[in-house]
Every structure is written in C-alpha cells, then in structure tokens.
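Listed here are the chains, written in short residue letters.
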Amino acid sequence: MTELDTRLIGQWRRSTEAAAAKGYASHLHFQANGLYFGQASPPDTFTWWDGGTWAIHAPGRLALSTANDAVVAYSYQLDHDILTITDASGCRITYHRDA
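A brief structural summary. Here the structure is a predicted model, which means the values were calculated and not measured.

1. Side note on the overall build of the protein chain
Looking only at helices and strands, the protein chain features zero helices and eight strands. Over its C-alpha atoms the protein chain spans a radius of gyration of 12 Å, differing by no more than 12% from the 13 Å that the globule rule assigns to 99 residues. Summarising its shape, the C-alpha atoms of the protein chain cover approximately 35 × 30 × 25 Å along the three principal directions. Here the protein chain holds 99 residues, and 36% of them are scored as buried. Of the charged side chains in the protein chain, 7 are positive and 10 negative, and the gap between their average positions amounts to 6 Å.

Below, the structure is given as structure tokens:
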C-alpha cells in the first residue's frame, strides 16, 4: 500500500556534513501530491535525490525516486522537526525543517 506521511510535507535542510552524505540533496521539498524536489549544494552538482516521487510503503520506510529513475526505499525517522533518513549502507542523513 502506498501512502504519504503528511508530517514530511514541507522544506528540509540537510544538517549532516559527513562525506558519505554529500551525494544526497542539501535541500528537500516534499509536496502533498507525492512529488519531491531536491537541490544540491553547491548548485549544479550531482545529487541522488534530484526530484521525483515519494511515498511510504511501510511504517518507517520512505521510497524516493532517484537520479537514475530507480525507486529506492530508505529507513526514516521523524522526531518533531528532525528527519533522519538511512540508506542501505547505513549512512544517516539528517535534515531540519526549514521555517
């Protein structure tokens, strides 16, 4: 079953600066229509999360379409205004909600 976690809707700014997180978007914008947009920093650099679809396929599992159009499921946790996404290699990418 595909659902959206409406708590994710809005804009997020990456706070993780670890080298392993650099390939992921520095800013994410989740929309209520199931689309998201990612922005790299600095602009015009590669990011796996450049934009596409997002959905929740199971509790704690966020599916994002990636730069190569594959839909990849990640673990995620949301604690108030802190979103932590964990990839398959165990890299944890933390985002804070933009005001």
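Next comes the rest of the account.
2. Quick notes on the nonpolar core
Across soluble globular proteins, you tend to see nonpolar side chains buried next to one another. With 21 residues, the main nonpolar core has Phe30, Trp49 and Tyr95 as its most contacted residues. Counting residues per element, the ones that place at least two in this core are β2 (27–30), β4 (51–58), β5 (61–65), β6 (71–79), β7 (82–86) and β8 (92–97). At three residues, β6 tops the list of elements feeding residues into this core. What Phe30 contacts, discounting residues up to four positions off in sequence, is Leu8, Ile9, Gly10, Trp12, Leu35, Tyr36, Trp54, Leu62, Leu64 and Leu83.

3. Topic: the sheet that holds β6
Backbone-to-backbone hydrogen bonds join strands into a sheet, with any given pair of strands oriented parallel or antiparallel. Ordered in space as β1-β2-β3-β4-β5-β6-β7-β8, the eight strands form a closed barrel in which the pairing is antiparallel. Direction aside, neighbouring strands of the sheet carry axes that sit 35° apart on average. The pairing of strand β1 (residues 10–14) with β2 spans four bridges and is classified as antiparallel. What sits directly across from Trp12, in β2, is Leu28.

4. Observations regarding the pairing of β4
Looking down a regular strand, the side chains alternate between one sheet face and the other. Both strand β3 (residues 35–39) and β4 contribute to a ladder of three bridges, which runs antiparallel. When the sheet's bridge partners are listed, Tyr36 is paired in β4 with Gly52. As paired strands, β4 and β5 are joined by four bridges and run antiparallel to one another. Bridging across to β5, Ala58 finds its partner in Arg61.

The rules we used
- Note that residues are indexed from 1 along each chain, following the sequence as it is written.
- Only residues with pLDDT of at least 70 are given local features in this predicted model, and only at 80 or more are side-chain atom pairs given and counted; all residues enter the totals for whole chains, interfaces and linings.
- Hydrogens and water are ignored here; the side-chain numbers use all heavy atoms of the structure.
- Strands here mean DSSP runs of E at least two residues long; helices mean DSSP runs of H or I at least four residues long; both are numbered from the N terminus.
- We compute the radius of gyration from the C-alpha atoms alone; for a globule the expected value is 2.2 Å times N to the 0.38, where N is the number of residues.
- Burial classification: accessible surface area is computed with a 1.4 Å probe over protein chains only, and a residue below 20% of its type maximum counts as buried, one above 50% as exposed, and the rest as partly exposed.
- When charges are tallied, Lys and Arg are placed among the positive residues and Asp and Glu among the negative ones, while His and the ends of the chain are skipped.
- Charge coordinates come from a single atom per side chain, which is NZ of Lys, CZ of Arg, CG of Asp or CD of Glu.
- Take the buried Ala, Val, Leu, Ile, Met, Phe, Trp, Tyr and Cys residues and link them wherever side-chain atoms come within 4.5 Å; each set so joined is a nonpolar core.
- Contact definition: two residues touch when any of their heavy atoms are within 4.5 Å.
- Strand pairing is assigned whenever DSSP identifies at least 2 bridges connecting the two strands.
- Axis geometry follows a simple rule: fit a line to the C-alpha atoms, using only the stretch in contact for helices, then measure angles between N-to-C directions, giving values from 0 to 180 degrees.

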